[in-house]
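Residues per chain are reported as follows:
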Amino acid sequence: MSSVVQRIPAAASQQALAHFQARLAYETDCADVFYATNHETKDFVLLDVRTPTLYAAGHVPGALNLPTRTLSEQRLAEYPADTLFVVYCAGPHCNGANKAAVKLAQLGRPVKEMIGGLTGWIDEGFGLERGA
């Protein structure tokens, strides 16, 4: 008898490749954001989409606070149309980043979600900035 892990067979390698490559088009992780911010040219805008109060209590260094409800073409006008926005919220228990990603995509903007959000950032051992 097979384990619970193998009761549903794994996808064929080509299907798995397509699936996991597609995920990387939509997501990035905390470690990659940290590395890019500290060791490479930062070619994206990191958005904390939580409330200003939560942002002030602690946020990823270099992130801008732009709550989902405030996202609009006018607020984004200063950024070229091809600017990649990376969004995050509190963590895996929060769908705020997903909602922000939907809104940015509806506005025709490139977007990725930083999976794990603030919880993932802290779990990786990275520090926070405080204040507005």
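Fair warning: this is a prediction, and the values are worked out from it, not measured in the lab. (Residues numbered from 1 in each chain as written. Predicted model: local features only at pLDDT ≥ 70, side-chain atom pairs only at ≥ 80, totals over all residues. Heavy atoms only, no water.)

1. Quick word on a negative patch on the surface
Part 1: Taken together, Asp29, Asp32, Glu40, Asp43, Asp123 and Glu124 make up a surface patch of like negative charges.
Part 2: Mapped onto the elements, aspartate 29 comes out in strand 1 (residues 27-29).
Part 3: Residue aspartate 29 is classed as partly exposed on the basis of its relative accessible area of 31%. (Patch = residues over 30% accessible without salt bridge, like charges linked within 9 Å, V, L, I, M, F, W, Y side chains within 5 Å. Areas by Shrake-Rupley, 256 points an atom, 1.4 Å probe, with all protein chains shown as cover. Salt bridge = Lys/Arg side-chain N within 4 Å of Asp/Glu carboxyl O. Lys, Arg positive; Asp, Glu negative; His and termini not counted. Charge placed at Lys NZ, Arg CZ, Asp CG, Glu CD. Helix = DSSP H or I, 4+ residues; strand = E, 2+ residues; numbered from the N terminus. Buried < 20%, exposed > 50% of the residue type's maximum accessible area, 1.4 Å probe, protein only.)

2. Examining the sheet that holds strand 4 (residues 85-88)
Part 1: Read from one edge to the other, the open sheet built from five strands follows the order 1-5-4-2-3, with strand pairing classed as parallel. Every interior strand has two partners, whereas the edge strands, strand 1 and strand 3 (64-65), have only one.
Part 2: In the packing of helix 2 (residues 30-39) onto the sheet, contacts are made with strand 1, strand 2 (45-48), strand 4 and strand 5 (111-115), and the angle to strand 1 comes to roughly 75°.
Part 3: The sheet contacts of helix 5 (residues 96-106) involve strand 2, strand 4 and strand 5, and relative to strand 4 the element is tilted by about 155°. (Pairing = 2+ DSSP bridges. Contact = heavy atoms within 4.5 Å. Axes fitted to C-alpha atoms, helices over the stretch in contact; angles between N-to-C directions.)

3. Section: the nonpolar core
Part 1: Ranked by internal contacts, the top residues of the largest apolar core, which has 15 residues, are Leu47, Val49, Leu71, Leu76, Phe85, Val87 and Leu104.
Part 2: At the level of elements, strand 2, strand 4 and helix 5 are the ones that each hand at least two residues to this core.
Part 3: In terms of residues, this core owes the most to one element, helix 5, which gives four residues.
Part 4: Excluding residues within four positions of it along the chain, phenylalanine 85 makes contact with Val45, Leu47, Leu76, Tyr79, Leu104, Arg109, Pro110, Val111 and Lys112.
Part 5: Residues Ala36, Val60, Tyr88 and Phe126 belong to the second largest nonpolar core, which totals 13 residues. (Core = buried A, V, L, I, M, F, W, Y, C linked by side-chain atoms within 4.5 Å.)

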